Every structure is written in C-alpha cells, then in structure tokens.
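# Architecture and fold: a report
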Amino acid sequence: MTVALHEKPAVYDAVIVGAGVMGATTALFLARAGLNVAMIDRQDMFRAASGVNAGTLTLHMTRAQLIPHAIRGREMWLNSAEWLGEDVGALATPGLSMAFTEAEEDLLRQRARVRQEMGAPIEIVSPERAISIEPGINPGLRAAAYCALDGHIPTYRVGGAYARALKQAGVTLIENAAVETIASSGGQGYEIRLANRNQAVHAHRVVLSTGAWLEKMLGWFGHDIPIRCLINQLVVTETLSPVMNSVLSIANGLLSLKQFANGSVLIGGGWQGEGNIRDGGTRVIPENLQGNVRLAQHVVPQLNTAQILRVWLGLESETPDAMPLIGPLTHDDNAFVVGCVHSGFTSGPYMGRLLAERILGADPDLTAFDPYRFSSSPATGSQP
Amino acid sequence: MPSPDFSPVTVIGGGIAGSTAAIALSRHGLPVTLIDEQSEAGGQIFRAPSPYARQTVPPNHEFSGGDTLRGKLAASDVTVRLGTRVWGLSPSLTLDLIGSDGMSQLPPSTVVVANGATERFFPFPGWTTPRITGLAGASILMRNGGTLPGQTVVVAGSGPLLFSVAHQVLELGGKVAAIVDAGSRTDWFRLGAMLALDPSRMAQALSWMGQLRKAGIPIHHRSFLSSAQETESGLLLTVSEMDHPQRRHLYAAETAACGYGLKPSTLITRSAGVQHHHDALGGYLEPVTDVAGRTSRPDLYVTGDAAGIRGMAVARLRGLVTAHALAQDRGLISSATYESLTRTPRRQLRRLDAVSRRMLPLMNAGRELAASVHDDTIVCRCERVTAATLRSAIHSGAKDLNQLKAWTRCGMGPCQGRMCEDSARNLVTGTCKNTPEDAGSFTARMPFFPLPLTSVTGTFDYSDIPLPKAAPL
Ligand SMILES: Cc1cc2nc3c(=O)[nH]c(=O)nc-3n(C[C@H](O)[C@H](O)[C@H](O)COP(=O)(O)OP(=O)(O)OC[C@H]3O[C@@H](n4cnc5c(N)ncnc54)[C@H](O)[C@@H]3O)c2cc1C
C-alpha cells in the first residue's frame with residue numbers, strides 16, 4: 001500500500017467522485033487507512049439523495065437480499081459516535097407494516113416470510129397487538145407485520161457530521177466541480193477533468209459514487225448499464241403533539257411514516273414526482289401528493305389536524321435488477337463503483353465501508369453487486 | 001407586430017401595482033384574473049379598513065385611495081378572486097390555489113407577479129417575544145384595525161416606516177417611548193436634498209420627524225435594540241449605539257415595533273425560476289426586470305415592490321407600464337401606441353425611481369447588525385436555530401445558504417426563511433468573505449405556507465387511493 005505523506009499530493013491515492021453517503025463513507029475509511037483521498041462533487045456535499053432522504057432505518061421496505069446489510073447499516077447509525085465521531089441522533093423504534101385489505105394481508109404475509117428468511121426479526125401480529133404497540137393507528141387494519149429493529153435518523157445532521165469527520169481524516173473536499181471526463185493517463189492512474197476548473201485532478205484509483213448520475217460515467221469504463229432515476233416524494237408536517245412513536249408502513253411498501261423528536265411527521269414511501277438528472281429540477285404531481293397524504297391519514301387518522309409544511313422530491317437511482325452496484329469496474333482493480341442501493345441511506349455506511357475494505361485488499365462477498373453481471377461478455381471490461 | 005394574442009393573464013396580488021395592472025390589462029381586452037389572499041383588494045397601503053378603523057382612524061389618503069381603487073376594480077371586467085392564495089406553481093405556470101372554496105388550479109397563463117414586499121428583521125436577544133411586532137404589522141394594525149399595538153411603544157429599526165408608525169401611535173392616542181433608528185441623521189438630511197423630486201413623500205417623512213422631535217420623543221440615530229426583556233407590565237428594552245457599543249439607554253414600554261426595511265417577496269418568482277440578482281443598495285434579492293417588469297421568462301412579469309422596493313407612487317406607475325408592455329408583447333398595441341401611452345408614466349418613474357433608490361440604504365441601515373449577533377441569540381425562530389449553531393455549520397464547511405439550511409434547519413420552518421434569510425446570508429458572507437450571490441438564497445419550496453392536511457386529502461375512501469404497484473422485494 002502506498003501511503004503518501006505530503007498534504008497536497010500531485011496524484012491522489014484515490015479520488016471519490018460523488019459526495020453522498022456511499023462515496024463519503026468510502027472516502028472516510030480509505031483516508032483512515034492512510035490513503036491520500038480527494039472527494040469531488042458537482043454541488044455541495046450531501047445535497048442529493050443523501051441530504052434529502054426520509055432517514056427511515058426500516059427493514060420492512062428493504063430488498064430482502066439486502067436485509068443483512070441494512071441491519072449492519074442500522075447498527076452503524078445507532079453507534080455513529082464510534083466510527084463517525086459524533087452521535088447524529090439515530091433513534092431505535094419498532095416498526096409496523098399494515099394491511100387493510102385481504103390482498104394486502106396476503107402480500108404482507110408473503111413478504112414478511114421472505115424477509116424473515118433473510119434474517120429480519122419480523123412477525124405477523126393481530127390488529128389488537130398492533131394497536132397496543134401503536135395506539136394511534138387506524139383500528140380498521142386486518143393484520144400487521146411487526147419488527148423490533150426499526151428507527152429513524154434526522155438526515156439533516158448527517159452531512160455536517162461527515163464534513164467534520166472527513167476533514168479530520170485529511171480528505172480533500174472539492175465541491176461545486178462536476179467531473180466531466182475521466183481518462184487513463186498512460187497506465188499511471190487517471191486524469192479527472194472538472195467543470196469550471198483548469199487544473200485536472202490525478203489519481204491512482206477512482207471510485208464512482210454519483211448516485212442517479214452514474215449511468216454516463218459507467219459508460220466511460222465500458223459498462224453499459226441503464227440506471228433508472230426515481231423521483232421520490234416526501235411531505236413534512238408542522239410540529240404536532242405526539243401521534244405515533246414507531247415507523248409505520250403498509251404491505252406494498254408505498255408508505256413510510258414517522259414522527260421526529262421535534263413533533264413534525266414525515267410522510268414518504270416512494271410516491272413519484274417529475275424530474276430529471278440534467279438540472280436536478282423536480283415537480284410535484286398533485287395526484288401523487290394527494291394519494292400519499294391520503295394514505296398517511298388513513299393509517300394515522302389523527303393526522304387530520306396536521307398542517308403540511310413542505311413537499312420535496314429527491315433523486316434515487318436503480319439498476320435493472322434493483323440490486324446495488326458495488327465493486328471493481330476494471331480488471332486492474334483501479335476503478336470502482338458504489339451505488340444504486342435500495343434503502344441506501346440505511347445501509348450506506350456499511351456498503352461504503354465494504355467497498356473501502358475491498359479497495360484496501362480484503363475480500364468481502366460482493367458477488368451479487370458485481371457490475372459485470374450486466375455485461376454480455378463478463379470478462380471484457382474495457383478501460384477508458 | 002405579432003398577431004393579437006388574447007389568451008388569459010393572471011395577476012397575483014391586488015395591491016396598488018397589481019390592481020392597476022389588472023384594470024389596464026382588461027381595458028386592452030385581455031381576460032384577466034386577479035388573485036389576492038385578503039378579503040378585499042388594496043394590498044398593504046390601500047388595505048380596506050375595518051368598520052371600527054373607519055370610525056376611529058382620521059380620514060386619510062390611504063382610505064380614500066383604496067376605496068377609489070376598489071371601485072375601479074369592481075367596475076372593470078377583471079375576474080377578482082379574493083381570499084385566495086397561491087401555494088404552488090408548476091414550471092409551466094399552472095397555479096395551485098387554496099381559498100374558502102377549497103383547492104383549485106389555474107391552467108398555465110401569462111402571470112404578472114405583484115405580491116409586494118416582506119419586512120426584514122435582524123435578531124437580538126429577546127426578539128422572539130410576542131410583545132415585539134414588525135413595523136409593517138404595527139402600521140396595518142393601527143391604520144386598518146384602529147388598534148394600538150400597546151399604550152407605550154418603542155419604535156425601532158430603519159427606514160421611513162419608523163416615523164410613520166410613530167406618527168400613527170400618537171394619532172391613536174398612544175405614547176412613543178423612543179424611536180431607535182439604525183440610520184444616521186446625516187443620511188436623512190442628505191435625503192432631504194432629494195425633496196424636489198418626490199415632494200409629497202419626503203415632505204411628509206421630514207415633517208413627521210420634526211413633529212416627533214418637537215413632542216420631546218427621544219430619537220436615537222445609528223442605534224439599535226440590543227435586547228428585550230419581558231417584565232410584569234411589558235418590556236425592558238436596551239438601546240445600543242452602533243459607534244459606541246458601551247453606551248446604552250434603557251426604556252420601559254408595553255410593546256416594541258421593530259423592522260429593518262422591506263424586501264421584495266420572491267418566493268413565487270424564485271419558484272418560477274426567473275433570474276434574480278442581489279441589489280447591493282437594498283441588500284436584498286430581486287428579480288431581474290426591465291422598466292416594464294419583463295423577466296427572463298416571456299410568460300412572467302413582475303411589477304410593483306415585488307420588482308424592487310420603490311413605494312406606492314412607483315407601484316402604480318409600474319403597474320400601468322407593465323400592463324401596456326404586456327399588451328404590446330401580445331400584439332394588441334403597436335410600439336408607437338406603447339410609447340405614447342407610457343411616455344408620462346415612464347418619465348415620472350425615472351424621477352421617482354431615483355428618489356426611491358436613495359431611500360434603500362436608509363432602509364438597509366441595519367445590515368451590519370447581523371454579523372455581530374450574539375451566539376446565544378435565536379436567528380431562525382421557526383426552528384429555534386441560534387447564531388452559534390449557524391456559525392459552527394459555516395465553520396464545518398457550509399458556504400452557502402442551502403447547505404446551511406440543510407445542516408441546521410435554519411429557514412426550514414413555516415416562514416420559509418423570510419425572517420432569517422438576511423441574517424443567515426450576512427453571517428455566511430461575513431465569515432466566508434464571499435459575495436451575497438455566492439451565498440445564494442434558500443430554495444423556495446411548496447407549499448409556500450402551511451396547508452391544512454385535510455385540504456389536500458378531502459373526503460375519500462381507502463379504495464380511492466391510487467396505490468402504486470408494490471416496491472420490489
Ligand atoms: C426522497 C428520498 C427518500 C429516501 N428515503 C430513504 C429512507 O428513508 N431510508 C433509506 O435507507 N434510504 C432512503 N432513500 C435512499 C437513499 O437516500 C439513497 O440510497 C442514498 O442516499 C444514496 O446515496 P449515494 O451516495 O449513492 O447517492 P447521492 O447521495 O445521490 O450522492 C451522489 C452524489 O454524486 C454527485 N454527482 C453527480 N454527478 C456528479 C459529477 N458529474 N461530478 C461530481 N459529482 C457528481 C451528486 O451531486 C451527489 O452529491 C431515499 C431517497 C430519496 C431520494
């Protein structure tokens with residue numbers, strides 16, 4: 001392992017492109033291992049998905065195969081003081097996923113079973129039991145899936161905590177500089193060109209962690225993977241007296257509902273708005289705003305006293321098989337990707353650490369996340 | 001000349017500028033809808049008085065001017081939708097409305113934004129007590145409600161509103177304990193030199209100032225409220241001098257009215273994505289407009305104070321010129337007709353604009369206060385964020401307002417940063433030594449004000465909810 005000792009190396013050991021939770025965690029663990037690391041973002045750090053997400057640490061909405069990772073990620077958030085350097089206020093609560101129709105009950109049971117098999121401590125409970133856990137819910141439910149491991153994190157506290165940790169670890173942060181090209185510089189690593197800057201950045205290794213913006217960059221490394229961009233809607237209310245203390249969802253996964261310590265209720269679940277990755281502009285679809293909020297009010301009838309304070313949309317990325325991309329993009333092990341992780345805020349710290357370990361020479365099992373799974377001839381990953 | 005286009009126009013805001021523009025637009029034959037959140041048109045200055053105020057407040061120009069304007073509006077073909085607020089808009093300018101009749105939408109139209117001004121505040125220890133109101137709020141309470149904000153009032157802040165509010169307090173039989181002005185006396189007298197250009201307004205401000213001095217009311221220039229403490233009977237207020245921080249004056253009063261000038265209300269124009277710039281003199285963000293209120297979007301015009309604070313005389317003239325320009329852009333009148341219709345108003349505008357711009361630094365005299373705000377003082381009252389929290393986030397790397405908001409919640413509350421944005425920006429630029437443009441402004445989000453959740457949900461059955469297909473397992 002080369003460990004450069006000077007402050008501003010001519011060539012970084014690693015450059016991380018994209019400063020969300022995935023890239024920032026990778027950067028943090030690489031820097032702590034002694035690498036000279038720079039992290040670049042097209043805007044300020046943590047302003048895309050990692051700055052606007054709902055902060056739900058739930059297993060009810062996680063892809064079944066990612067349950068083990070989500071459990072680890074959740075633990076890391078709850079212990080953030082230990083590895084991030086400060087407590088970001090993650091809260092452990094129970095989680096309930098509800099069914100109001102027969103079809104939903106079937107779905108609930110089926111999904112709970114699969115997630116149980118993957119290690120989530122989920123059990124189906126009666127309406128009475130669900131109401132005793134969460135008195136504020138609509139008594140008209142047919143059944144609920146209960147999970148003791150749930151919770152939430154005040155997302156707004158995370159970006160600043162990472163900024164301080166990264167600074168302390170010696171990561172060079174380059175903000176408001178979109179990466180425009182990455183070219184191999186004569187077998188000596190990469191030359192990274194930035195918008196609005198004359199000086200290129202040089203690195204022995206690059207990590208792509210640009211979330212919804214990954215598709216084009218993957219192409220630079222010969223990976224032709226269509227990345228779908230979800231435009232997730234969130235709605236927050238003004239503060240109100242306590243109406244719930246757990247994380248609530250419904251069988252098909254299209255609701256997440258929780259109340260923060262300050263009394264505001266956050267309504268999410270992946271209802272869609274309009275938007276695009278070109279300028280990041282988004283727009284609320286009125287029917288989807290209404291649908292999402294109706295669902296929330298149906299689940300917790302007391303929300304009828306709430307005031308809607310704000311609605312916003314955030315961009316989340318998804319691969320064709322809805323499984324993450326984590327691992328090397330080239331056969332010489334110099335370019336990597338981490339992203340497209342479902343419920344990726346929950347597992348982000350764990351996924352970022354996994355990739356850092358892989359880059360540092362360990363051999364974690366990343367088979368299911370291998371970007372080459374989308375290549376027609378798996379052995380021909382080209383280099384730019 | 002393009003072929004005439006008679007598609008609809010929507011005017012947001014029924015103050016002097018908006019009402020004037022709406023009437024003139026409808027005279028050009030355009031179908032015009034005027035939207036205003038109040039129950040009667042008139043805006044801030046020409047706001048309709050309560051029946052009680054009509055009896056108690058001496059007859060004044062604002063009442064009669066407002067009545068005339070409302071009369072003209074009623075006689076016009078303008079469709080007026082009162083008690084209606086715009087809570088959101090789409091990129092194509094569909095407007096989301098809420099009114100007594102519930103939620104509705106207006107399909108895309110050409111929009112004239114005439115939603116006026118917002119008062120600026122700078123925080124100090126104790127500023128969040130309900131005994132302290134804004135100057136603009138106090139003025140409306142007195143003129144249109146006929147009610148004093150308190151029997152004894154300290155009037156503080158900056159700009160001409162100081163003297164008009166103090167005058168109103170006396171008129172309704174109240175007592176002004178002191179006037180605290182961030183501006184200097186010389187600034188005011190320098191303004192006096194502009195008297196010739198806008199005699200009515202300047203003469204009034206200076207005559208009020210003289211009257212108040214004669215009445216023996218202490219006037220502190222280059223001074224500011226540095227703390228407010230609640231007591232049994234009201235407030236104990238400390239006044240500090242800007243140039244001699246150790247010199248303090250104490251006043252007891254029932255309430256205080258405090259405001260540091262006006263700024264354009266930009267939530268709607270920012271949401272619509274038109275270009276804005278920072279006006280250094282006014283110390284605020286304003287949409288980039290030409291003399292007629294054209295913006296960087298051909299389907300959006302801004303008129304009145306929303307295009308930059310210039311006061312009521314300019315608002316009326318701007319409303320007229322905007323309407324005629326829009327008519328010309330639509331091919332309803334020739335450029336020669338536009339020239340002749342607007343020759344006089346444009347000449348008057350040039351003259352008044354010069355005076356009004358000279359007034360801006362006086363309104364913005366408190367600008368240096370925000371950077372020195374005490375660490376324990378709450379800057380964002382909605383989310384209770386202190387100056388110390390903001391400074392520490394700036395120190396961690398938040399160099400612009402949106403990162404500052406994301407990391408501290410400053411500006412995330414119900415007021416969308418109207419109250420704290422100026423202080424937050426001054427803290428950022430003061431610490432990072434960057435420009436107000438670099439610091440930017442809080443991203444505007446919908447809804448523009450809190451909406452009752454049930455106004456969005458209405459009555460429904462579970463089966464009405466269009467549940468999307470299940471997320472992948
Ligand atoms: C509204 C919403 C709610 C969500 N709720 C939850 C939840 O409750 N629980 C949960 O676990 N997950 C949730 N998620 C998912 C989670 O937020 C994401 O999975 C996670 O944050 C993704 O992190 P990331 O680092 O991969 O991407 P991002 O955070 O999007 O980071 C990508 C970064 O790359 C930068 N970038 C892009 N292009 C370039 C370029 N050319 N050059 C340089 N930089 C570039 C971007 O500016 C951005 O900062 C939610 C997502 C959204 C959008």
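Residues numbered from 1 in each chain as written. Chains lettered and ligands numbered in written order. Predicted model: local features only at pLDDT ≥ 70, side-chain atom pairs only at ≥ 80, totals over all residues. Heavy atoms only, no water.

If you check an unreviewed UniProt entry, chain B appears there as NAD/FAD-dependent oxidoreductase from Gluconobacter frateurii NRIC 0228.

Taking an unreviewed UniProt entry as the reference, chain A is identified by name as FAD dependent oxidoreductase belonging to Gluconobacter frateurii NRIC 0228.

## Re the domain arrangement of chain B
Residues and elements named next belong to chain B. For the record, the criterion: The start and end points of each domain follow an automatic or database-based domain assignment. Throughout, a residue-residue contact means that at least one pair of heavy atoms, one from each residue, lies within 4.5 Å. Note: buried area is the sum, over both parts, of the accessible area (probe 1.4 Å) each one loses when the two are combined. The term salt bridge refers to a pairing of a side-chain nitrogen on Lys or Arg with a carboxyl oxygen on Asp or Glu at a separation within 4 Å. Here a polar contact is taken to be a pair of N or O atoms separated by no more than 3.5 Å, where protein atoms must pair a possible hydrogen donor with a possible acceptor and residues adjacent in sequence count only if both atoms sit in side chains. Any residue that is not Ala, Val, Leu, Ile, Met, Phe, Trp, Tyr, Cys, Pro, Asp, Glu, Lys or Arg is counted as polar, Gly included; the first ten are nonpolar and the last four charged.
If you check the domain split of chain B, you get domain 1 (9-118 + 263-361), domain 2 (121-260) and domain 3 (373-439). Computed from C-alpha coordinates alone, the two centres of domain 1 and domain 3 are separated by 31 Å. Across the boundary between the two partners, domain 1 contributes six residues, which contact seven residues of domain 3. Taking both partners together, domain 1 and domain 3 bury about 620 Å²; carbon and sulfur atoms supply 48% of that area. At the boundary of domain 1 with domain 3, the tally comes to one salt bridge. Between D422 and K263 there is a salt bridge whose closest N-O contact spans 2.7 Å. Where domain 1 touches domain 3, the interface holds two residue pairs in polar contact (both at pLDDT 80 or more). In terms of residue class, the side of domain 1 that touches domain 3 is built from one nonpolar, three polar and two charged.

## Quick look at the site of the ligand
Residues and elements named next belong to chain A. Convention followed: For this purpose, a residue is taken to be near a molecule or strand whenever a single non-hydrogen atom of the residue falls within 4 Å of it. Computed with a 1.4 Å probe, the accessible areas rest on the Shrake-Rupley method; for each residue, only the protein chains presented here act as cover. Strands here mean DSSP runs of E at least two residues long; helices mean DSSP runs of H or I at least four residues long; both are numbered from the N terminus.
If you check the shell around the ligand, you find 35 residues, and the closest are D41, S50, T56, V179 and T346. Backbone polar atom of V179 to a nitrogen atom of the ligand: 2.9 Å apart, as the coordinates give it. Side-chain polar atom of T346 to an oxygen atom of the ligand: 2.6 Å apart, as the coordinates give it. Protein coverage of the free-state accessible area of the ligand, which is 1,000 Å², stands at 94%. Elements with a minimum of two residues in the shell around the ligand: α1 (21-32), α2 (49-52), β10 (228-237), β16 (307-318) and α10 (344-359). Of the residues that constitute the shell around the ligand, the class distribution is 17 nonpolar, 15 polar and three charged. Looking at which domains feed residues into the shell around the ligand, each of domain 1 (5-50 + 157-227 + 321-373) and domain 2 (92-150 + 228-318) supplies at least three.

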